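# Structural overview for review
Chain residues, written in single-letter form:
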Amino acid sequence: MKSTQASTILDEASSPATATYEDRKSEFIAEACHVESAQEALAFVEAVRQRNPKARHVAYATIWGGGAGAGERMSDDGEPSGTAGKPIFDVLRAGGLTDCVVTVTRYFGGILLGSGGLVRAYSSAASSAIAAAHHAAIVEAVRLRLVVPYALRERMVRILADCGGRVADEQFTDVVTQDVDVPCDAVEPFEAQVREVTAAGVTPQRVGESHLVRGIGGE
């Protein structure tokens, strides 16, 4: 089983990546941040509107759902159909991005740009904000459940780290129940190491799918 990758941006809603594009006195301000649901994306869009009460339009596009890209939404916010939200969305798709939202706020300069000018402006602004963002890879993973004695807990964590995984949850009773996320292409080596270390006393149970976020280029 091989892991597949999409990518996202790490910038938070409180400090989004930003860029500005100007054309014939209209100003287009793009902002981009990480989200993990439609609700988070729409909350960010509303916050941008609240910060820009005099803006003519706040168009946006968002894709969410981890590596699977489960949901998407866009809005022209009053611009001619297909001239604002779709160009922003196309930038996200072209970059293989998910779990993010990009808004472009337009302050109208009094001169009509035409459909081609609007598409170029919204696309250029969105592209610049994405370029300014901090990027990360999304790696598809498998969630495994381990039930181990306390004496082996730290050993399991080290094996997991060596395989590029992470602990998603731990429950402590008379034993330790660990839910761990392991990259798809490392699942079999991880399971083999667990069996070896525990003399086949621990058998990882596959309980679902997940994903891992990894910085790109040391970000």
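The coordinates are above.
Here's what I pulled together on the structure shown here.

How each quantity is defined
Residues numbered from 1 in each chain as written. Predicted model: local features only at pLDDT ≥ 70, side-chain atom pairs only at ≥ 80, totals over all residues. Heavy atoms only, no water. Buried < 20%, exposed > 50% of the residue type's maximum accessible area, 1.4 Å probe, protein only. Helix = DSSP H or I, 4+ residues; strand = E, 2+ residues; numbered from the N terminus. Pairing = 2+ DSSP bridges. Phe/Tyr/Trp six-rings, centres within 6.5 Å; stacked < 30°, edge-to-face > 60°. Polar contact = N/O pair within 3.5 Å; in protein donor to acceptor, adjacent residues only side chain to side chain. Contact = heavy atoms within 4.5 Å. Axes fitted to C-alpha atoms, helices over the stretch in contact; angles between N-to-C directions. Left-handed = near helix turned anticlockwise from the far one by under 90°. Nonpolar A, V, L, I, M, F, W, Y, C, P; charged D, E, K, R; others polar. Parallel < 35°, antiparallel > 145°, perpendicular 65-115°, else oblique.

### A word on the pairing of strand S4 (residues 57-64)
- Summarising burial for S4: eight of the eight residues are buried, a large majority.
- Burial along S4 is two-sided: the face carrying His57, Ala59, Ala61 and Ile63 and the face carrying Val58, Tyr60, Thr62 and Trp64 are both buried.
- Pairing of S4 with strand S6 (residues 100-107) involves seven bridges; the strand directions are antiparallel. Each bridged residue has a counterpart across the sheet, and for Ala61 the counterpart in S6 is Val102.
- Pairing analysis gives five bridges linking S4 to strand S5 (residues 71-75), with the strands arranged antiparallel. Residue pairing for S5: Tyr60 is matched across the bridge by Ser75.

### Things to note about the packing of aromatic side chains
- Counting across every chain of the model gives three aromatic pairs.
- Grouping aromatic residues by their ring pairs yields a cluster made of Tyr21, Phe28 and Tyr122.

### Here's the deal with the side chain of Ser210
- Tracing the sequence through the fold places Ser210 in strand S10 (residues 205-215).
- Among the polar contacts listed, one links the side chain of Ser210 to the side chain of Asp181, at a separation of 3.2 Å.
- Contact partners of Ser210, with chain neighbours within four places excluded, come to Val139, Glu140, Ala141, Arg143, Arg166 and Asp181.

### A short note on the packing of helix H2 (residues 85-94) against helix H3 (residues 114-132)
- At a closest axis distance of 8 Å, the pairing of H2 and H3 adopts a crossing angle of 40 degrees. Pair H2 / H3 crosses with right-handed handedness. The segment H2 lies against H3, with Pro87, Ile88, Val91 and Leu92 engaging Val119, Tyr122, Ser123, Ala126, Ser127 and Ile130.
- Grouping the amino acids of the contact of H2 with H3 by side-chain chemistry returns eight nonpolar, two polar and no charged.

### Let's talk about the packing of helix H4 (residues 153-162) against helix H5 (residues 187-197)
- Running from N to C, H4 and H5 point in directions that differ by 155 degrees, and their axes come no closer than 10 Å. One element, H4, and the other, H5, form an angle in the roughly antiparallel class. Once H4 is placed against H5, the crossing between them reads as right-handed. Taking contact as the criterion, the partners of Arg155, Met156, Ile159 and Leu160 in H4 are, on H5, Phe190, Gln193, Val194 and Val197.
- Across the contact of H4 with H5, the residue classes tally to six nonpolar, one polar and one charged.

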